[in-house]
Amino acid sequence: MKIMILGAGQVGTTLAESLVSEDNDITLVDNESPRLLALQEKHDLKVVQGSPSSPKVLRDAGATDADLMVAVTSSDEINMVACQMGYTLFNTPTRIARIRDSEYLREKEKLFNDENVPINYLISPENLVTDEITRLIAYPGALQVAHFAKNRISAVVVKAYYGGALVGHALSAFKEHMPHIELRIVSISRNDKTIRPQGSTIIEAGDEITFICATEHIKAVISELQRLEKPYKRVMIVGGGNIAAGVAKQLEEHCTVKLIERNAERAQALAEKLAKTLVFHGDASDQNLLFEEHIENIDVFLSLSSDDEANIMSALLAKRLGAKKAMVLIQRMAYISLIQGGTIDIAVSPQQATISALLGYVRKGDIKNVASLHHGVSEAIEIVAHGDLNTSNIVGKTIRHIRLPAGCIIGAILRNNEVIIGHKNVEIQDGDHVIVYLGDKKAVSEIEKLFQPSSFFI
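Please read all numbers here as calculations on a predicted model, not as lab measurements.

1. Notes on the packing of helix H10 (residues 242-251) against helix H11 (residues 264-273)
Argument step 1. It is at 11 Å that the axes of H10 and H11 come closest, and there the two elements cross at 25°. The pairing of H10 with H11 is recorded here as roughly parallel in orientation. Classified by chirality, the crossing of H11 by H10 is right-handed. Between H10 and H11, the residues in contact are Asn242, Ala245 and Lys249 and Arg266, Leu270 and Lys273, respectively.

2. Considerations on the nonpolar core
Argument step 1. Counting 54 residues, the largest nonpolar core has Ile133, Phe174, Ile237 and Leu302 as its most contacted members.
Argument step 2. No other element matches H10, which puts six residues into this core.
Argument step 3. Counting the residues that make up this core, at least three belong to each of domain 2 (129-225) and domain 3 (234-352).
Argument step 4. Non-local contacts of isoleucine 237, meaning those with residues more than four positions away in its chain, are made with Ala244, Val247, Ala248, Val257, Lys258, Leu259, Ile260, Leu302 and Leu304.

3. So, the packing of helix H7 (residues 125-138) against H10
Argument step 1. Across the interface, H7 lies against H10 with an axial gap of 9 Å and an inter-helix angle of 40°. By the angle between their directions, the pair H7 and H10 is classed as oblique. Between H7 and H10 lies a crossing whose hand is right-handed. Along its contact with H7, which presents Glu126, Val129, Thr130, Asp131, Ile133, Thr134 and Ile137, the element H10 presents Asn242, Ile243, Gly246, Val247, Gln250 and Leu251.
Argument step 2. Tallied by class, the residues present in the contact of H7 with H10 amount to six nonpolar, five polar and two charged.

4. Description of the UniProt feature "domain: RCK N-terminal" (unreviewed entry) in the chain
Argument step 1. Sequence positions flagged by UniProt for "domain: RCK N-terminal" (unreviewed entry) are, in local numbering, residues 1-118 and 232-348.
Argument step 2. As a span, residues 1-118 carries 42% helix and 20% strand, and end to end its C-alpha atoms are 21 Å apart.

Rules and cut-offs
Sequence order sets the numbering: in each chain, residues are counted from 1 along the sequence as written. The predicted origin of the model limits local features to residues at a pLDDT of at least 70 and limits the giving and counting of side-chain atom pairs to 80 or more, whereas totals for whole chains, interfaces and linings rest on all residues. The side-chain numbers reported here are obtained from all heavy atoms of the structure, hydrogens and water having been left aside. The convention used is that axes are lines fitted to C-alpha atoms, helices contributing only their stretch in contact, and that angles between N-to-C directions extend from 0 to 180 degrees. A run of H or I in DSSP counts as a helix once it spans at least four residues, and a run of E counts as a strand once it spans at least two, with each numbered from the N terminus. Roughly parallel covers angles under 35 degrees, roughly antiparallel covers those over 145, roughly perpendicular covers 65 to 115, and oblique covers all other angles. Should the near helix be turned anticlockwise from the far one by less than a right angle, the crossing is termed left-handed; should it be turned clockwise, right-handed. Pairs of residues are marked as contacts when any of their non-hydrogen atoms sit within 4.5 Å. Definition used in this section: a nonpolar core is a set of buried Ala, Val, Leu, Ile, Met, Phe, Trp, Tyr and Cys residues joined via side-chain atoms within 4.5 Å. Partly exposed describes any residue whose relative accessible area lies between the buried limit of under 20% and the exposed limit of over 50%, with all areas from a 1.4 Å probe on protein chains only and scaled to the type maximum. Each domain's limits were defined by an automated method or a database of domain assignments. Ten residues, namely Ala, Val, Leu, Ile, Met, Phe, Trp, Tyr, Cys and Pro, are considered nonpolar, four, namely Asp, Glu, Lys and Arg, are considered charged, and the remaining ones, Gly among them, are considered polar. UniProt positions are given in the numbering used here, feature names are shortened, and annotations may be inferred rather than shown by experiment.

Below, the structure is given as structure tokens:
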């Protein structure tokens, strides 16, 4: 597939790095020459310097025969104009744009269509991160939760702690403890090393476990790996941007929410907008303010400003003063592995949330959803099986007879609204929504080919 990526910021760069190893022809367009040259030296891709919304630049970059245009510059307006150029001048079949301004998103039904601004798919990092944070609030103890198959199936990352019923026991003991609940453990990370899960594998405290199960069973499974935390009821949020406001709006109906914003004008606007959230004008690094607002009683402290360093420092302070859980928004990927799992419990990345959404649109085959896991190292994908015994490599076969790439596991299937866990004797049928875990995302090309029926190549 010939893909044009417009914008070489963190999202564009990460997307290019993800796709260039998957047998794609990638062209990256950006105004910044040093950034492009560094990428060209590191990866097998084409770079073009210039404005991503310029017809000449797009033509020079090969827009005339591109299959897909992904506009992820820092400017909503440039992204929209670029998609307009792709549609009007070059007949680019698929156009994806990152749009962050809530004013545009509120009018998306009227704005974004072939008659007006011709964008096929919108990506809103703020909405994606807001949804991710509220999912984590809904499942206390989880490090990551990704929903698939109409939210019926989920992939969950959780850390095992002393006190969990199955810590110190073999994986096979799950069936004894939960005879009416089925799941598939697809990965165990121990001391930064990945262990292939087997029935005899002993769960140790500190293991980071990834499992796939019916969404309704998430909390029951987590309770076997750590003491199940009580639902979060008291939440403190730092920041007054779109993400912080969106999270507060979603949580204020069932939680007591306090929000701290440094800018007085913005704090006033949020106080008028949020009906049940208590908004403070202040500094989250002010210990007296945190003490006055009883930080020691806060179930989860969410540091969601646009400043990584400020988020980290305020979260560290909140934990030291007694907050039970701390979650931070981090823009720089390099920070995430340094802080998560220490004093700070969870780091949320807008880049990873955006990449997950984008990959669902640009992957080959009938892929419905993609979740980037473990900070981009692994993935879970929802892909639909098509064909029959004569045309498909998987339909009509039991899972034990499907030759999956190393590190890939079929975790679960949605069939006619029924969740089926991916045991070895399960037979794949036409139309199944199959959730596949890829321990190494480089195997995605093999999975795509495996699921494509032979008629796709005629």
